[in-house]
Amino acid sequence: VAQFSEADLPKRRWIYGNHYCRGFVSVTASAGGIGKTSLTMVEALAVATGRPLLGEKVHEQCNVWFICLEDPMDELKLRLAAIMREYGVTHDEIKGRFFMDAEDTINITLAAETRDGLVENTPLANAIRDKIIENQIGLVISDPFISMHAVNENSNPSIQAVVAMVRKVTRETSCAFGMIHHIRKTGGEDATIDSVRGAGALIGAARSARVLNKVSKEDAADLGINEIDAMGLFRVDEGKGNLRPLEAAVYRRMKSVKLDNGESIGVAVTYALPDLWDGMTTRVVNAILTEIDKGVDGERYSIRPQDKARWVGSVIVGYSFADPDHKKSARQAKQIIAEWMEKDLLEEVTYRSEGQRKDRMGVQAAGRVGEQDF
């Protein structure tokens, strides 16, 4: 390898967040009905307008071509109208910047398997390349990948050939190409990148891959999310990075937007988890600490969740907040207890249990909070 200077090496040309990058393919995978089409369409409008509609950074404003191969144009227009209404995007903002095709306006079959083997549709790939160049497209999003070819989706060589055609287009045009894909049935378990349907060649070739998961009632309750907010809530998990804890994940929610024609259309919007310390005023914290010091059934509370009724977190979980939305889950209680132990607000001590007639470990307050709110 010839010598080179680090400072002179070209930087990756990210367009949006850490997902769409010029010259590369990215993948978004999901089960049906969660919100992948709306999410990616909102991202497409964010790039076309240069506005961080979902709070993620638009590194480069550029023209976008959104292709949906499983819905007609009338349906796409409804979704687009709802997104524009929700985010205040005008037609003037996207004129000449946002291009859209649907199943009834375009047909894409990049490759097919015949008796003679796999046949690549090179003229179509070249036509796509030329349209991208002609309209100065920086980002293409195609939904779904399976509708772009007629090859065995479980064949790595076949899928690799199709992906290679798309990658060639990205290199020749320097555009970013986002692929939307389906996942196989997971039996109720959260989907991971390993749940993506078909051969692994698609994910292997992607610069970035992510999976959308509907937030279960159990996870919502763990995170302190009320039932109303939990409706239409989904999580965006980075597939090629390390799995993040639930609290650090990116959440989106499908919001119903009513149009002038009377239709109500779901639109992907941002969602922030409830703040762990919501409602934890000085008065509330001190009341909880006082309750902890009282103990339970003649015993001190325990730091161990396994001790169930004696678990100190149960005092937080059972506390009646003035605002019901501030009620804490067991998961949140564990985080609060850990924070209080670290700040020496709570301490574990040895005490004499009269009931057990032996020394046991228990928790007591090391003091009370002054004027500082948590």
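Up top you'll find the structure we're talking about.
Since we're looking at a predicted model, the values are computed, not measured.

Asks: What's the story with the packing of helix α1 (residues 36–49) against helix α2 (residues 73–87) in this structure? I'm lost.
Replies: In contact at an axis separation of 10 Å, α1 and α2 are set at 60° when each is read in the N-to-C sense. Relative to α2, the element α1 lies oblique. Considering the relative orientation of α1 and α2, their crossing is right-handed. Facing α1, whose interface residues are T37, S38, M41, V42 and L45, α2 presents L76, R79, L80, I83, M84 and Y87. Class assignment for the residues of the contact of α1 with α2 results in eight nonpolar, two polar and one charged.

Asks: Where do I start with the sheet that holds strand β10 (residues 208–214) in this structure?
Replies: By way of backbone hydrogen bonds, the strands of a sheet pair with one another, either parallel or antiparallel. Taken in spatial order, the nine strands line up as β5-β4-β8-β9-β3-β10-β11-β12-β13 in an open sheet, and their pairing is mixed. The open sheet is flanked by β5 (98–101) and β13 (264–270), the only strands paired with a single partner. Averaged over all pairs of adjacent strands, the angle between their axes in this sheet comes to 20°, without regard to strand direction.

Asks: Even after reading the chapter, I still don't get helix α9 (residues 282–294), so can you show me in this structure?
Replies: Residue pairs three or four apart in sequence face the same way in an α-helix, which turns once every 3.6 residues. Here α9 spans 19 Å end to end across 13 residues, near enough to the 18 Å set by a 1.5 Å rise per residue. Considered for burial, the residues of α9 that qualify are T282, V284, V285, N286, I288, L289 and I292. Contacts made by the buried residues of α9 are with α10 (313–317), α11 (330–342), β14 (346–353) and β15 (358–365). Downstream of α9 by one or two residues, G295 has phi in the positive range, about 75°.

Asks: I tried to follow the pattern of salt bridges on my own but got confused; where do I start?
Replies: Pairing is possible between side chains of opposite charge, provided their charged atoms come close. One pass over the full model with this rule turns up 22 salt bridges. In this structure, R252 engages E56 in a salt bridge whose closest nitrogen and oxygen atoms are separated by 3.3 Å. With R252 in strand β12 (residues 250–258) and E56 in the loop between α1 and β4 (63–68), this residue pair connects regions lying 196 residues apart in the sequence. The class for E56 is partly exposed, based on a relative accessible area of 22%. Notably, a salt bridge pairs D101 with K131, separated by 3.3 Å at the nearest N-O pair. Of this pair, D101 sits in strand β5 while K131 is found in helix α4 (residues 122–134), placing the two residues 30 residues apart along the sequence. With a relative accessible area of 29%, K131 lands in the partly exposed category. One continuous salt-bridge network, built from bridges that share partners, spans R129, D130, K168 and E172.

Asks: Teacher, can you tell me more about the nonpolar core here?
Replies: Counting residues in each nonpolar core, the largest one holds 44 residues, and the members touching the most others are Y87 and F98. The contact partners of Y87, leaving out residues within four places of it in the chain, are V42, R51, L53, L54, V267, A268, V269 and T270. Residues I67, I106, V140 and M179 belong to the second largest nonpolar core, which totals 40 residues.

Asks: I would appreciate a short explanation of the packing of aromatic side chains in the present structure.
Replies: To describe a pair of aromatic rings, one takes the distance between the centres and the angle between the planes. The full count for this structure, using the stated rule, is two aromatic pairs. Here the aromatic rings of Y16 and Y20 are separated by 6.0 Å at their centres, their planes lie at 50°, and the arrangement is tilted. The class of Y16 is buried, set by a relative accessible area of 1%. Judged by centre distance (5.0 Å) and plane angle (75°), the rings of Y319 and F321 are edge-to-face. Take Y319 and F321: they sit in the same class, and that class is buried.

Asks: Which parts of the structure should I look at to understand a negative patch on the surface?
Replies: On the surface, E70, D74, E103 and D104 cluster together into a negatively charged patch. Here D74 is to be found in helix α2.

Asks: What's the story with α4 in this structure? I'm lost.
Replies: Here α4 contains 13 residues, and its C-alpha end-to-end distance of 18 Å stays within 8% of the 18 Å for a straight helix at 1.5 Å per residue. Buried within α4 are the following residues: L124, A125, I128 and I132. Down the axis of α4, the smallest arc covering the buried residues is 105°, so these residues share one side. Among the exposed residues of α4, those pointing more than 90 degrees away from its buried face are P123 and E134. Buried residues belonging to α4 abut β4, β8 (137–143) and α5 (156–173). In the stretch just after α4, Q136 is the one whose phi turns positive, near 50°.

Asks: Whenever I open this one, a nonpolar patch on the surface confuses me. Can you help?
Replies: A cluster of nonpolar residues, V1, F4 and L9, forms a patch on the protein surface that exposes about 400 Å² of accessible area. Relative to the elements of secondary structure, V1 occurs in the segment before β1 (14–16).

Asks: When you look at the pairing of strand β3 (residues 25–30) in this model, what are you seeing that I'm missing?
Replies: Of all six residues in β3, six are buried, a share of seventy percent or more. Of the two faces of β3, both are covered, the one formed by V25, V27 and A29 as well as the one formed by S26, T28 and S30. As judged from the six bridges shared by β3 and strand β9 (residues 176–182), these two strands associate in the parallel manner. The partner of S30 across the bridge, within β9, is H182. Inspection of the sheet shows β3 paired to β10 by four bridges, in the parallel sense. The residue bridging S26 from the neighbouring strand is S208, located in β10.

How each quantity is defined
Residues numbered from 1 in each chain as written. Predicted model: local features only at pLDDT ≥ 70, side-chain atom pairs only at ≥ 80, totals over all residues. Heavy atoms only, no water. Axes fitted to C-alpha atoms, helices over the stretch in contact; angles between N-to-C directions. Helix = DSSP H or I, 4+ residues; strand = E, 2+ residues; numbered from the N terminus. Parallel < 35°, antiparallel > 145°, perpendicular 65-115°, else oblique. Left-handed = near helix turned anticlockwise from the far one by under 90°. Contact = heavy atoms within 4.5 Å. Nonpolar A, V, L, I, M, F, W, Y, C, P; charged D, E, K, R; others polar. Pairing = 2+ DSSP bridges. Expected span 1.5 Å × (residues − 1). Buried < 20%, exposed > 50% of the residue type's maximum accessible area, 1.4 Å probe, protein only. Salt bridge = Lys/Arg side-chain N within 4 Å of Asp/Glu carboxyl O. Core = buried A, V, L, I, M, F, W, Y, C linked by side-chain atoms within 4.5 Å. Phe/Tyr/Trp six-rings, centres within 6.5 Å; stacked < 30°, edge-to-face > 60°. Patch = residues over 30% accessible without salt bridge, like charges linked within 9 Å, V, L, I, M, F, W, Y side chains within 5 Å. Areas by Shrake-Rupley, 256 points an atom, 1.4 Å probe, with all protein chains shown as cover. Lys, Arg positive; Asp, Glu negative; His and termini not counted. Charge placed at Lys NZ, Arg CZ, Asp CG, Glu CD. Arc of directions from axis to C-beta.

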